[in-house]
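Take a look at the letters that make up each chain.
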Amino acid sequence: MTKPAPLLTALSHCTVYPAAALSVETGALMGDAIGNVTDVVAGDIYILDPKAMSQELVLGRQGAQSVVAKGSSVGAAGQIVTPLARHQIMGERGASVEVLVLDIEGQRLALPLGPLSSSDEYTLISSSTVDGELNHVSQVSFARGTRITMANGLQIPVEQLTAGDRVLTRDNGPQPVRWTGMQTVRAEGSNAPVVIARNALNNAEDLVLSPDHRLFIYQRHDTIGIGMAELLVRARHLVNGETIWRGRGGHVDYFHLLFDAHEIIYVEGIPAESLLVSPEVLAGLGEDLAEELRGSMAGQAQTQHHGVEPSASDLGGVNAAEILRRASRR
């Protein structure tokens, strides 16, 4: 039996549902709850039980493990939280949501990384295992050496920025950095950075990002075919093994930039998002950084920048990087 950790500090608060609340309405596994990658079939349609009650999972850290912290309404303090799978589902209106399936000593939970509605139906698009710890599933960070465009037009390595420095944003002109943070992790599994070679997306030099960091791409023509010109694309969805790949091995220094709002800034000459504060991001920062960030935010919330996030299926089967590179230049 896992022994509770009496001094365990809360790291992040996440909204979860019992996995059984998200089940197949139509498809091969009708009636089955969402589960790990061997328990689902792409194309099945899921619904969220309208009677399902969400619960608050409070996460903490114990060594290298993600565990339940004190104050959680699900699980007991000290129990290990194991991520089993990551699923991408798409609603009837075209919005995609990623859902993590977690296990807490036999209890399965669904952690949506976006809004879910009981009035919508969701088609399962893709599934994958979750490599590494839960605390690294949703990092938004730049690797050491990434050049950020400042308010005066100069490009400065991200590690040199400090709170108060003014950075050029796409929508709101020069804005001061509110907070910076840094982590060093092994470049393995889900922590392995995405390397975007020079000019792969019209970037001036090689760009190294955490895999869930989203790039802002404006299509002059809707080449992807999702009905919107402004896209927020996760770096890991652009990997093609040629001009964009995962950089594995050794360690990587990840740097985080926070502004008063969720901004689009310029990195190596192309637009990308700044840190968006959410429970999942806080869970990926580690206890010390998360507490520091909470103090900086002083309870304020952030709203995601406008822009549609294409699903893996929207970008699958083609060299999405090359298509988007051309679409953004025409």
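The structure presented is a predicted model; accordingly, all values stated were derived computationally and were not measured.

Here we look at the environment of Ala 52
With respect to the secondary-structure elements, Ala 52 resides in the loop between strand S3 (45-48) and strand S4 (55-62). The spatial distance from the C-alpha of Ala 52 to the C-alpha of Leu 22 is 8.9 Å, given a sequence separation of 30 residues.

Here we look at the confidence of the model for the chain
For the chain, the mean per-residue pLDDT works out to 82, and 79% of the residues sit at or above 70. Low confidence marks residues 1-11, where pLDDT is under 50. Its contacts with residues over four positions away, or in another chain, come to 35 contacts.

Notes on the environment of Arg 198
Mapping Arg 198 onto the fold places it in the loop between strand S16 (194-196) and strand S17 (207-209). Residue classification places Arg 198 among the exposed residues on the basis of a relative accessible area of 56%. Setting aside chain neighbours within four positions, we find Arg 198 in contact with Asn 203, Ala 204, Glu 205 and Asp 206. In terms of polar contacts, Arg 198 uses its side chain to reach the backbone carbonyl oxygen of Ala 204, at 3.2 Å.

A few points about the side chain of Ser 141
Along the polypeptide, Ser 141 turns up in the loop between strand S9 (121-128) and strand S10 (142-143). Not counting residues within four places of it along the chain, the set of residues in contact with Ser 141 comprises Leu 209, Ser 210, His 213, Tyr 254, Phe 255 and His 256.

Notes on unusual backbone geometry
Residue Asn 199 is not a glycine yet carries a positive backbone phi of 75°. One can find Asn 199 in the loop between S16 and S17. Its relative accessible area of 38% is what places Asn 199 among the partly exposed residues. Backbone geometry places Asn 202, a non-glycine residue, at a positive phi of 70°.

Focus on the pairing of strand S14 (residues 173-176)
Of the pairings in the sheet, the one linking strand S13 (residues 166-169) to S14 comprises 4 bridges and is antiparallel in character. Of the residues in S14, the one forming a bridge with Arg 166 is Pro 176. Hairpin connection, S13 to S14: the antiparallel pair is bridged by 3 residues.

Comments concerning the nonpolar core
Inside soluble globular proteins, nonpolar side chains tend to come together where they are buried. Judged by nonpolar contacts, the single largest core of 32 residues is most densely connected at Ile 196, Leu 201, Leu 215 and Leu 257. Broken down by secondary-structure element, the contributors of at least two residues to this core are S16, S17, strand S18 (214-218), strand S19 (230-234), strand S21 (251-258), strand S22 (264-267), strand S23 (270-273) and helix H4 (320-327). Broken down by element, the residue count for this core peaks at 3 residues, all from H4. For Leu 201, the residues in contact, after removing those within four places along its chain, are Ile 196, Leu 215, Ile 217, Leu 238, Ile 244, Ile 270, Ala 321 and Arg 325. One finds Ala 21, Val 97, Val 101 and Ala 110 within the second-largest nonpolar core, a separate group that totals 17 residues.

Quick notes on the pairing of strand S15 (residues 179-186)
Alternating residues of S15 divide into Trp 179, Gly 181, Gln 183 and Val 185, all buried, and Thr 180, Met 182, Thr 184 and Arg 186, none buried. The sheet contact formed by S15 and S21 spans 8 bridges and is antiparallel. Directly across from Thr 180, in S21, lies its bridge partner Leu 257.

About the thresholds
Residues numbered from 1 in each chain as written. Predicted model: local features only at pLDDT ≥ 70, side-chain atom pairs only at ≥ 80, totals over all residues. Heavy atoms only, no water. Helix = DSSP H or I, 4+ residues; strand = E, 2+ residues; numbered from the N terminus. pLDDT = per-residue confidence, 0-100. Contact = heavy atoms within 4.5 Å. Buried < 20%, exposed > 50% of the residue type's maximum accessible area, 1.4 Å probe, protein only. Polar contact = N/O pair within 3.5 Å; in protein donor to acceptor, adjacent residues only side chain to side chain. Pairing = 2+ DSSP bridges. Core = buried A, V, L, I, M, F, W, Y, C linked by side-chain atoms within 4.5 Å.

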